[in-house]
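Topology and contacts: notes
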Amino acid sequence: MLSLKDIRLDLPEKENLINGVSLDIAPGKLTVITGPNGGGKTSIAKLIAGIYTPTAGSITLDDEDITSMSVTERANKGIAYAFQVPVSFKGVTVRKLMSISAGNDMSEMKMCRILEKVGLCARDYMDRDMDSRLSGGEMKRIEIATVLARPAKYILFDEPEAGIDLWSFASLIDAFEKLKKDEDRALLIISHQERILDIADDIVVISDGVIARKGSRDEVMPTLSQGGARAYCPRGKEMF
Ligand SMILES: Nc1ncnc2c1ncn2[C@@H]1O[C@H](COP(=O)(O)OP(=O)(O)OP(=O)(O)O)[C@@H](O)[C@H]1O
Ligand SMILES: [Mg+2]
């Protein structure tokens, strides 16, 4: 279990970015975080991955306190994070990046299977550099593939739908559905996409740095469709 306990985050340029978030992310489940732009979703993913250190509160992984661990230490503990905006690596091929992610010399066949899951023809991409000559959608898909290649227990995807065409998106949903059946792995996806919300076990709505709603998909989905954007407003704001 990955647990966030009363997490707060103040940055020099932004106070109260996260303002008391407690969350349990359990293996064998797909948890989807949604909510309005600027609500704090990516910041929560960065707190989990170790890119940000909380100002207060604690993060535990299978009962071990990882609050002050570095990104690398957390990655070694089994946390994998696919960025909202992928990072480019000049001079590093897709093949190399996939091997680094897998932690071994991944077989060509396995690499092909993973690239296929994100809708890429492996032959065309394996030896290309992961740099800005790739299109936005290609970068995003390769980024997702590198995370799928990792034998991680806790997997975070930040808006995997962004820039992905409809055809590739269908096979991506399929890959997520397969992953969530794995009892040993926890899947956390940040998304605004109804098709991803539809396959969630639990949904968490983040707005203004706090949890506005949290519960099973059946509990939270109706509140999203009824109120539209208004359902995102946290308690105490004008809509409640
Ligand atoms: N390093 C930073 N310094 C200052 N402000 C920041 C920083 N990182 C994030 N913010 C601000 O904090 C708020 C939350 O940002 P965050 O990226 O977590 O939102 P989000 O919920 O992921 O939004 P989106 O749906 O647009 O991706 C935003 O107002 C953003 O401008
Ligand atoms: Mg974001």
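First, a word on what this report is: a plain description of the structure on this page. Going along each chain's sequence as written, the residues are numbered from 1 onward. Working convention: letters from A go to chains and numbers from 1 go to ligands, in the order in which they are written. Local features in this predicted model are restricted to residues of pLDDT 70 or higher, and side-chain atom pairs are both shown and tallied only at a pLDDT of 80 or more, whereas totals for entire chains, interfaces and linings draw on every residue. The side-chain numbers reported here are obtained from all heavy atoms of the structure, hydrogens and water having been left aside.

**What to know about the overall build of the protein**
For clarity, the cut-off: Helix and strand definitions follow DSSP, with helices as H or I runs of at least four residues and strands as E runs of at least two, each counted in order from the N terminus. The atom set for the radius of gyration is the C-alpha atoms, and the globule formula is 2.2 Å times the number of residues raised to the power 0.38. Contacts are assigned to residue pairs that have any heavy atoms within 4.5 Å of one another. All tallies of charge rest on Lys and Arg as positive and Asp and Glu as negative; His and the ends of each chain are not included. For charged residues, the charge sits on one atom: NZ in Lys, CZ in Arg, CG in Asp, CD in Glu.
The number of helices and strands found in the protein is nine helices and twelve strands. Computed over its C-alpha atoms, the radius of gyration of the protein comes to 18 Å, within 12% of the 18 Å expected for a compact globule of 240 residues. Referenced to the eigenvectors of the C-alpha coordinate spread, the extents of the protein come out at roughly 55 × 40 × 35 Å. A separation threshold of at least 6 residues defines the contact pool for the protein, and within that pool the share at least 24 residues apart is 64%. Once the 32 positive and 36 negative side-chain charges of the protein are each reduced to a mean point, those two points are 2 Å apart.

**Brief notes about the coordination of the magnesium ion (ligand 2)**
This is how it is decided: Each metal site lists N, O and S donors within 2.8 Å (3.2 Å for Na, K and Ca). With water left out of the atoms, a site can look as if it is missing ligands. Type-normalised accessible area, obtained with a 1.4 Å probe on protein chains alone, sets the label of each residue: buried when under 20%, exposed when over 50%, and partly exposed for intermediate values.
Around the magnesium ion (ligand 2), the protein supplies Thr 42 (OG1) and Gln 84 (OE1) as donor atoms, at distances of 2.0 to 2.2 Å. Residue Thr 42 is located in helix 1 (residues 41-49), and its partner Gln 84 is located in the loop between strand 6 (79-82) and strand 7 (89-93); the two are separated by 42 residues in the primary sequence. For Gln 84, a relative accessible area of 30% corresponds to the partly exposed category.

**Section: helix 1**
With eight of nine residues buried, helix 1 lies mostly within the body of the structure. Inspection of helix 1 places Lys 41, Thr 42, Ser 43, Ile 44, Ala 45, Leu 47, Ile 48 and Ala 49 among the buried residues, and these make up the whole buried set. Gly 50 lies just past helix 1 and shows a positive phi near 95 degrees.

**Details of the sheet that holds strand 2 (residues 14-25)**
How we decide: Any two strands with at least two DSSP bridges between them are considered paired.
Strand order in the open sheet formed by four strands is 2-1-4-5, and the pairing between neighbours is antiparallel. Each having just a single partner strand, strand 2 and strand 5 (64-65) make up the two edges of the open sheet. Two elements, strand 1 (residues 2-11) and strand 2, share seven bridges in a ladder whose sense is antiparallel. Considered in strand 2, the bridge of Leu 11 is made with Lys 14.

**Details of the nonpolar core**
Rules: Here, the term nonpolar core denotes a set of buried Ala, Val, Leu, Ile, Met, Phe, Trp, Tyr and Cys residues that are joined through side-chain atoms within 4.5 Å. For the domain bounds, the source is a domain assignment made automatically or taken from a database.
Among the nonpolar cores identified, the biggest contains 47 residues, and Met 98, Leu 115, Phe 157, Phe 176, Leu 187 and Ile 189 are the most heavily contacted of them. Shared between two domains, this core takes at least three residues from each, and those domains are domain 1 (2-78 + 152-232) and domain 2 (89-149). Excluding residues that lie within four positions of it along the chain, Ile 189 makes contacts with Leu 30, Thr 31, Val 32, Ile 33, Phe 157, Pro 160, Phe 176 and Ile 196.

**Details of the sheet that holds strand 11 (residues 202-207)**
Rules: Note on method: axes are straight lines fitted to C-alpha atoms, helices fitted across the in-contact stretch only, with angles between N-to-C directions ranging 0 to 180 degrees.
Taken in spatial order, the six strands of this open sheet run 6-9-10-3-11-12, and their pairing is mixed. In this open sheet, the two strands that pair with only one neighbour each are strand 6 and strand 12 (210-216). Each neighbouring strand pair of the sheet contributes to a mean axis angle of 15 degrees, computed without reference to strand direction. One ladder, built from six bridges, connects strand 11 with strand 12; its direction is antiparallel. Within the sheet, the bridge partner assigned to Val 205 lies in strand 12 and is Arg 213. Relative to strand 6, helix 1 is tilted by about 145 degrees, and along the sheet it contacts strand 3 (30-34), strand 6, strand 9 (154-158), strand 10 (186-190) and strand 11.

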